[in-house]
Amino acid sequence: MTAIKPLRVVHVSPSDTGGGAEKGTYALHRALRGSGVDSVMLVQRKYSIDPTVLTASKDGNIISVALRDRLDRLPLRFYRHRQDTWWTVGWLHLDIANVIRELQPDVVHFHWTGRGLAPIRLVRHLREYPIAWTLRDMWPLTGGCHYSHGCERFLTGCGACPQLSSKHSYDLSAWQWRRKRHAWDGVSIAFVVLSRWMADYARKSPLVADNEVCLIHTGIDLGVFRPIDRSASRLLWRLPDDRKIILFGALRGTSDPRKGFQYFREAVRKLTAGSPNERYTCVVFGAENGPADFAPDVRYVGALNDSVSLASLYASADVMVVPSTEENLGKTALEAMSCGTPVVAYANSGQLDIVSHQNDGYLAENLSVDDLAAGIAWCLDRQ
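Right, let's walk through the structure included here. (Residues numbered from 1 in each chain as written. Predicted model: local features only at pLDDT ≥ 70, side-chain atom pairs only at ≥ 80, totals over all residues. Heavy atoms only, no water.)

**A closer look at the overall build of the chain**
When helices and strands are counted, the chain shows 10 helices and 13 strands. A compact globule built from 383 residues would reach a C-alpha radius of gyration of about 21 Å, and the chain, at 22 Å, matches this within 12%. Each principal axis of the C-alpha distribution contributes one length, and for the chain these read about 65 × 65 × 40 Å. Here the chain, with 383 residues, has 55% of them falling under the buried criterion. The long-range share in the chain, meaning contacts at least 24 apart out of those at least 6 apart in sequence, stands at 61%. With an accessible surface of roughly 17,600 Å², the chain has 51% of that area assigned to carbon and sulfur atoms. (Helix = DSSP H or I, 4+ residues; strand = E, 2+ residues; numbered from the N terminus. Rg over C-alpha atoms; globule rule 2.2 N^0.38 Å. Buried < 20%, exposed > 50% of the residue type's maximum accessible area, 1.4 Å probe, protein only. Contact = heavy atoms within 4.5 Å. Areas by Shrake-Rupley, 256 points an atom, 1.4 Å probe, with all protein chains shown as cover.)

Okay, here's the thing in structure tokens:
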């Protein structure tokens with residue numbers, strides 16, 4: 001009897017474990033391999049020692065990859081007053097179609113784009129394969145921003161981009177948007193979205209047009225992210241057992257305005273001012289340092305790169321606060337809840353798919369500091 005060849009999926013990503021989106025891609029890759037799928041990752045930067053993760057260049061030259069990233073961002077220099085947000089240009093052609101063909105895929109799966117990896121024309125050169133694309137942020141729908149910050153110009157062609165501080169209708173965002181539309185016209189792509197919020201935008205986007213949009217929520221490893229004894233977790237992190245622990249964390253969490261640290265800080269100030277007899281400790285991960293003037297006890301624990309440590313930190317907390325102004329589907333919220341820690345988030349974007357208001361957490365009025373503080377107090381009162 002002839003053995004059935006397992007399905008081969010080639011995932012294209014900037015790296016394997018670099019950022020949150022890449023870690024999500026790598027987790028999917030490992031889960032597929034665990035279920036018998038012949039999954040391979042093709043990346044520009046490889047950080048793991050996993051032999052099933054391959055580099056797009058033969059030598060995996062980090063210097064050349066970094067140079068490509070800088071060259072790709074050159075057009076942004078014409079916009080000197082642009083906002084400090086993730087914005088990928090993608091004007092350089094990514095010529096790895098032959099590398100992908102050599103891997104003999106049955107399916108080509110694109111993920112996050114950035115750091116010099118922006119497969120605008122590449123998709124057209126791979127039309128002979130079934131193509132899937134997971135929208136880990138909004139970039140495939142826009143002229144270059146990864147989150148629109150409430151702007152909906154991408155639904156009609158971009159231009160006068162607020163993040164570029166541009167007033168011109170035909171600016172870099174409009175040019176890139178048209179490049180995408182031309183390159184992807186007639187190419188069949190199955191777009192995977194992680195939240196209903198992203199699904200709504202994808203179905204309205206002219207760049208997605210008549211392609212299939214599939215809603216598949218992010219999964220996490222419940223063998224790692226599970227309830228753990230709180231006292232033991234606090235002992236591990238040297239956190240006081242007689243205080244309420246309020247947790248906040250994200251990659252670039254204190255510097256990226258989209259993560260909402262500014263709202264978290266003000267909410268904690270209100271909470272502590274209104275309850276002077278309560279003892280609180282705020283723990284922030286994803287940043288080495290930051291302001292310490294918003295609570296009597298603030299601790300910064302830096303970036304956490306292993307899931308076991310992260311799970312124990314979630315388990316040590318009384319509440320996790322995720323005040324993002326936009327979030328595709330916040331994995332920190334999912335992970336914290338899986339560890340038995342309630343989550344307070346704003347009632348916007350992908351968080352609406354995660355938190356059930358006043359059931360397993362609290363959905364605060366969007367961008368309201370007062371209601372965010374009320375939500376933290378509501379969760380702490382029930383611990």
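**Focus: the packing of helix H7 (residues 261-274) against helix H10 (residues 369-381)**
Two elements in contact, H7 and H10, have axes whose closest approach is 8 Å; the angle formed by their N-to-C orientations is 65 degrees. Viewed along their axes, H7 and H10 form a crossing whose handedness is right-handed. In this structure, H7 uses Tyr-263, Phe-264, Glu-266, Ala-267, Lys-270 and Leu-271 to contact H10, whose residues at the interface are Val-369, Asp-370, Leu-372, Ala-373, Ile-376, Ala-377 and Leu-380. Class assignment for the residues of the contact of H7 with H10 results in 10 nonpolar, no polar and 3 charged. (Axes fitted to C-alpha atoms, helices over the stretch in contact; angles between N-to-C directions. Left-handed = near helix turned anticlockwise from the far one by under 90°. Nonpolar A, V, L, I, M, F, W, Y, C, P; charged D, E, K, R; others polar.)

**Regarding the sheet that holds strand S6 (residues 189-193)**
Spatial strand order, S3-S2-S1-S4-S5-S6-S7: 7 strands in an open sheet with parallel pairing. Each edge of the sheet is formed by a strand with only one pairing partner; in this case those strands are strand S3 (53-55) and strand S7 (213-215). The average undirected angle you get between the axes of adjacent strands in this sheet is 25 degrees. Here strand S5 (residues 131-135) runs beside S6; their pairing, made up of 5 bridges, is parallel. (Pairing = 2+ DSSP bridges.)

**Thoughts on the side chain of Ser-15**
Secondary-structure assignment places Ser-15 in strand S1 (residues 8-15). Those residues in contact with Ser-15 that lie beyond four places of it in its chain are Glu-22, Met-41, Val-43, Arg-45, Tyr-47 and Arg-115.

**Things to note about the environment of Ser-233**
Along the polypeptide, Ser-233 turns up in helix H6 (residues 230-237). Taking C-alpha positions, Ser-233 is 8.6 Å from Tyr-314, a pair spaced 81 residues apart along the chain. Not counting chain neighbours up to four residues away, the residues in contact with Ser-233 comprise Ile-228, Ser-312, Ala-315 and Ser-316.

**Topic: the sheet that holds strand S10 (residues 298-302)**
Reading across from one edge, S10-S9-S8-S11-S12-S13 is the order of the 6 strands in this open sheet, with parallel pairing throughout. Two strands in the sheet have a free side with no partner beyond their single neighbour: S10 and strand S13 (361-364). Going across the sheet, the axis of each strand differs from the next one's by a mean of 20 degrees, ignoring polarity. Across 4 bridges, strand S9 (residues 280-285) lies against S10 in parallel orientation. Along S10, the bridge assignment pairs Cys-282 with Val-298. Running at roughly 170 degrees to S13, H10 makes contact with strand S8 (244-249), S9, strand S11 (319-322), strand S12 (343-346) and S13 of the sheet.

**What to know about unusual backbone geometry**
In this structure, Gln-104 is a non-glycine residue whose phi angle is positive, near 50 degrees. With respect to the helices, strands and loops of the structure, Gln-104 is situated in the loop between helix H3 (97-102) and strand S4 (107-110). Relative accessible area serves as the criterion here: at 55%, Gln-104 is assigned to the exposed category. Backbone geometry places Gln-358, a non-glycine residue, at a positive phi of 55 degrees. Mapped onto the elements, Gln-358 comes out in the loop between S12 and S13.

**What to know about the pairing of S6**
Moving residue by residue along a regular strand, the side chains alternate between the two faces of the sheet. Most of S6 sits inside the fold, with 4 of its 5 residues counted as buried. For the crossover from S5 across helix H4 (residues 172-184) to S6, the handedness is right-handed. Here S6 runs beside S7; their pairing, made up of 3 bridges, is parallel. Looking across to S7, one finds that Val-192 is bridged to Cys-214. The parallel pair S6 and S7, bridged by helix H5 (residues 196-204), forms a crossover whose chirality is right-handed. (Right-handed = clockwise from strand over helix to strand, strands pointing away.)

**Comments concerning a nonpolar patch on the surface**
On the surface, a cluster of nonpolar side chains totalling about 570 Å² of accessible area is made up of Leu-67, Leu-71, Leu-74, Trp-91, Tyr-170 and Trp-175. Here Leu-67 is to be found in helix H2 (residues 62-72). (Patch = residues over 30% accessible without salt bridge, like charges linked within 9 Å, V, L, I, M, F, W, Y side chains within 5 Å. Salt bridge = Lys/Arg side-chain N within 4 Å of Asp/Glu carboxyl O.)

**Some remarks on the packing of aromatic side chains**
For any pair of aromatic rings, the description consists of the separation of the ring centres together with the inter-plane angle of the planes. Under the criterion given, the structure shown has 16 aromatic pairs. Note on Phe-225 and Tyr-314: the rings are 6.2 Å apart at their centroids and 55 degrees apart in plane angle, and the pair reads as tilted. Linking Phe-225 in the loop between S7 and H6 with Tyr-314 in helix H8 (residues 307-316), this pair joins segments that are 89 residues apart in sequence. The buried category is assigned to Phe-225, whose relative accessible area is 5%. Given a relative accessible area of 0%, Tyr-314 falls into the buried group. (Phe/Tyr/Trp six-rings, centres within 6.5 Å; stacked < 30°, edge-to-face > 60°.)

That is the geometry; function is a separate question.
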